[in-house]
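Commentary on secondary and tertiary structure
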Amino acid sequence: MSKATGTGARSSAPHGADSHDVIRVHGARENNLKDVSIEIPKRRLTVFTGVSGSGKSSLVFNTIAAESQRLINETYSSFVQGFMPTLARPEVDVLDGLTTVITVDQQRMGADPRSTVGTATDAHAMLRILFSRLGKPHIGPPSAYSFNTATVRASGGITVERGAAKTKTVKATYNRTGGMCTHCEGRGKVSDIDLSQLYDDSKSIAEGAFTIPGWKSDNVWTVGIYAESGFLDPNKPIRRYTKKEMQDFLYREPTKVKVNGVNLTYEGLIPKIQKSFLSKDKEAMQPHIRAFVERAVTFTTCPECDGTRLSEGARSSKIKRISIADACAMEIRDLTEWVRGLKEPSVAPLLAALQQTLDSFVEIGLGYLALERPAGSLSGGEAQRVKMIRHLGSALTDVTYVFDEPTIGLHPHDIQRMNDLLLRLRDKGNTVLVVEHKPEAIAIADHVVDLGPGAGTAGGTVCFEGTVEGLRAGDTITGRHLDDRATLKETVRKPSGSLEIRGASANNLRDVDVDIPLGALVVVTGVAGSGKSSLVHGSIPAREQVVSVDQTPIRGSRRSNPATYTGLLDPIRKAFAKVNGVKPALFSANSEGACPTCNGAGVIYTDLAMMAGVATPCEDCEGKRFQAEVLEYRLGGRDISEVLAMSVSEAEEFFGAGEAHTPAAHKILDRLADVGLGYLTLGQPLTTLSGGERQRLKLATHMSEKGGVYVLDEPTTGLHLADVEHLLGLLDRLVDSGKSVIVIEHHQAVMAHADWIIDLGPGAGHDGGKVVFEGTPADLVAKRATLTGEHLAAYVGA
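Notes on the structure in this doc start here.

Rules used throughout
One numbering rule holds for all chains: residues counted from 1, following each sequence as written. Per-residue local features are limited, in this predicted model, to residues with pLDDT of at least 70; the limit for side-chain atom pairs, both in listing and counting, is 80 or more; totals at the level of whole chains, interfaces and linings are taken over all residues. Hydrogen atoms and water are omitted, and side-chain values are computed over all heavy atoms in the structure. Joining through side-chain atoms within 4.5 Å is the link that ties buried Ala, Val, Leu, Ile, Met, Phe, Trp, Tyr and Cys residues into a set, and such a set is a nonpolar core. Buried residues are those whose accessible area, probed at 1.4 Å on protein chains only, stays under 20% of the maximum for their type, while exposed residues exceed 50% and partly exposed ones sit between those limits. Runs of E in the DSSP output that reach at least two residues are strands. Runs of H or I that reach at least four are helices, and both are numbered from the N terminus. Residue contacts are counted whenever heavy atoms from the two residues lie within 4.5 Å of one another. Strands were regarded as paired on the criterion that DSSP finds at least two bridges between them. Lines fitted to C-alpha atoms define the axes, with helix axes restricted to the stretch in contact, and inter-axis angles between N-to-C directions lie between 0 and 180 degrees. Put simply, angles under 35 degrees are roughly parallel, angles over 145 are roughly antiparallel, angles from 65 to 115 are roughly perpendicular, and the rest are oblique. Each crossing is labelled by how the near helix is turned from the far one, with a counterclockwise turn of less than a right angle marking it left-handed and a clockwise turn marking it right-handed.

Examining the nonpolar core
Among the nonpolar cores identified, the biggest contains 69 residues, and I572, I640, F655, L682 and V741 are the most heavily contacted of them. When residues in this core are grouped by element, the largest group, seven residues, is from helix α26 (residues 721-736). Discounting chain neighbours no more than four positions away, the residues touching I640 are I572, F576, F587, F626, V630 and L631. Counting residues in each nonpolar core, the second largest holds 67 residues, with V117, F147, V386 and F403 among its members.

In structure tokens form, the structure reads like this:
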């Protein structure tokens, strides 16, 4: 009796394991965080808010998620850790109560041409197994249906060692059946070079036939080698070349030749162009080089496989008259129904797993995609939702999920579905941390952490912690703007003309005819997958005046910063050089002025084998990146390192007047401040910028171009509620200065502020692709005939 009572007494007392119900962060100093200390409840949904650059990502991703990953890596042996990426410990005093973190971020999926939605998830692998079991005729194992696997056959003698130095030669054969189309090598497209863009065949080489950028007649490495090689007559027009001369001119293998006494390698024009231009990253090219490549190279659908990427054998094998190419081309919601109709007991577990994966696509709002869709063509929001799929059916609990603005790219109609998924992950017993700006997503939080009060050095502190109601009542920037609502314009601008689109049929568009007004702010909207990007990016007539600012990430190393990216450093270096009477190259940390000890990096990297490498400030330049003698040269009382440490706002004032007055620099700084980046420091590495900051940096750079039509792809991405008003002012200024602005957007504030709205739908995928409304926002609200109209009416309180 007493024993039973004792057991009962023990069971009623709190268990020690239940006391670990918070993630405790103490003294976080990563990036701009200022000794942040905070307790985050476990098994709850916590939303982190604050203006762009306030430190949300630094706390959630660079501190909590990074330390969890580092501690997990340390559980492996030193040998295994040697093959893993080394992670440095975040700048934080104490991190308690961490669980395994799964990060679902906005990073776009690899743009490799062979990566598709199917290969990026498990769906394509399961389909290949399914066809290898049930496909008729049977053509081989799962690899026979893979467009990433080539068919290989080999035979020959192999040497086998047996016992003490006994060897025997054995004849062996090797066969592997792959499904790759041999013509396009599994890419679905073939590239062709337009020779008319490389040279004018009516001229001879001596007359300047080449039209390739940088190929001048006095350049021995390019034009000179063709003129003096001896294989060609430099004075004969190219169109009169013999068959052999044309072969040597275009395709000759690398051959050693002597030109003006110098040994050089002659190579046919086509392979030379492929190596010098086509093998390089197009995004990193100078604008005129990129324009040349886009003109010279044409991509067409592979005639052998008709774009399916698969061999004839893989296309011939079918299940119920459907090949694997047909299955991958279907919209996923249609494919789900087809798989549901397959009743084959021998592969029942496989069918169940495939069904679950495909159902997850539909549930998460991506049923309009096809498995053959290239992964690189997904938007940031779509890529993030594709990554979520593998976690929805997971049996794991007590995991911390970290999301970076999961509502990006979602129409207001779709946000509720995303909210339900986040709550489902929480209800399974997981901790869900979300960085978010949308009021609809903040509203479902159990706990809110608001960082700020400003951005950059003005941020990095916790301004509020508590419930959504507490945030709404609190006196923080987020709290004050949580219930902000833009109003419909009383008068809209009259268009100055129109951009005609006729018969647009890219992706799911259905022969769309639409006139986009010029001289106005035009918003193209519609549910995710309705055809907005296809219409704007795929159908607007190519013209020099169109400037497109999309969501592709900025490419750059740790040495790249806002000053180098925007071209601001050039006028600054020239100003320093002019005042001090020296060369501009001295004021570049990537050129002559670089500290020789750290090569201008500012830090010394020490490799510690399987432990995280350590980056310590360079002792010679103290992290300033320049030689000591360079820092003796001054402009307006500041050296170059002090100028690069300034914020955009400080620099704008510094270069605006006095001895440092530099109009060219001031103009660029004005544009950076205009897009709300006044808090960034000029020398801050691009790798530390958030997604929203990178897009606005690109916008500031493009604002200097002479384009008459600006195309923006969701410019509110990563923007705080308080900054949206600033963005609307910027868009107004662009239109008032004579530009035409076309915005792909879901944010109701931007829709309400538009002069003209084009709404696509009514649904996604094959249920979309039509213009369901075009007119003023007031008309859209009055009619309420579309999903967008209903949500916009509710937003403005009509």
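Considerations on the sheet that holds strand β15 (residues 431-435)
Paired through backbone hydrogen bonds, the strands of a sheet run either parallel or antiparallel to each other. In spatial order, the strands read β5-β14-β15-β3-β16-β17; together these six strands make up an open sheet with mixed pairing. Since the sheet does not close on itself, it has two edges, and those belong to β5 (101-104) and β17 (461-466), each with one partner. Sheet twist, expressed as the mean angle between neighbouring strand axes with direction ignored, is 20°. Both β5 and strand β14 (residues 400-404) contribute to a ladder of four bridges, which runs parallel. Along β14, the bridge assignment pairs T103 with V402. Here helix α15 (residues 412-427) sits on the sheet in contact with β3 (45-49), β14 and β15, set at roughly 150° to β15.

Remarks on unusual backbone geometry
With an omega of -5°, the peptide bond running from K136 to P137 counts as cis. By the secondary structure assignment, P137 is in the loop between α5 (123-134) and β6 (152-162). In the segment running from G452 into P453, the intervening peptide bond is cis, with an omega of 0°. Its location among the elements puts P453 in the loop between β16 (447-452) and β17. One non-glycine residue, E622, lies in the positive phi region at around 55°. Along the chain, E622 turns up in the loop between β23 (611-617) and α22 (640-644). We note that R784 has phi near 50°; this positive angle belongs to a residue other than glycine. The exposure class assigned to R784 is partly exposed, which follows from its relative accessible area of 40%.

Notes on the packing of helix α12 (residues 332-340) against helix α13 (residues 348-363)
Two numbers describe a pair of packed helices, the interaxial angle and the distance between the axes. Orientation of α12 relative to α13, taken along the N-to-C sense of each, is 155°, at an axis distance of 9 Å. One finds that α12 runs roughly antiparallel with respect to α13. Remark: the crossing between α12 and α13 carries left-handed chirality. Across from I332, R333, L335, T336, V339 and R340 in α12, the residues of α13 making contact are L351, L354, Q355, L358, D359, F361 and V362.

Section: the sheet that holds strand β4 (residues 94-96)
The sheet built from three strands is open, its strands ordered β2-β1-β4 with antiparallel pairing. Each edge of the open sheet is held by one strand with a lone partner, namely β2 (36-41) and β4. Geometrically, the sheet is characterised by an average inter-axis angle of 5° between neighbouring strands, direction not taken into account. In the sheet, strand β1 (residues 22-28) pairs with β4 via three bridges, with the strands oriented antiparallel. Of the residues in β4, the one forming a bridge with H26 is V94.

A look at the environment of E653
Tracing the backbone shows E653 in helix α23 (residues 648-654). Of the residues examined, E653 reaches a relative accessible area of 68% and is grouped as exposed. Measuring from C-alpha to C-alpha, the distance between E653 and T116 comes to 49 Å, with 537 residues separating the pair along the chain.

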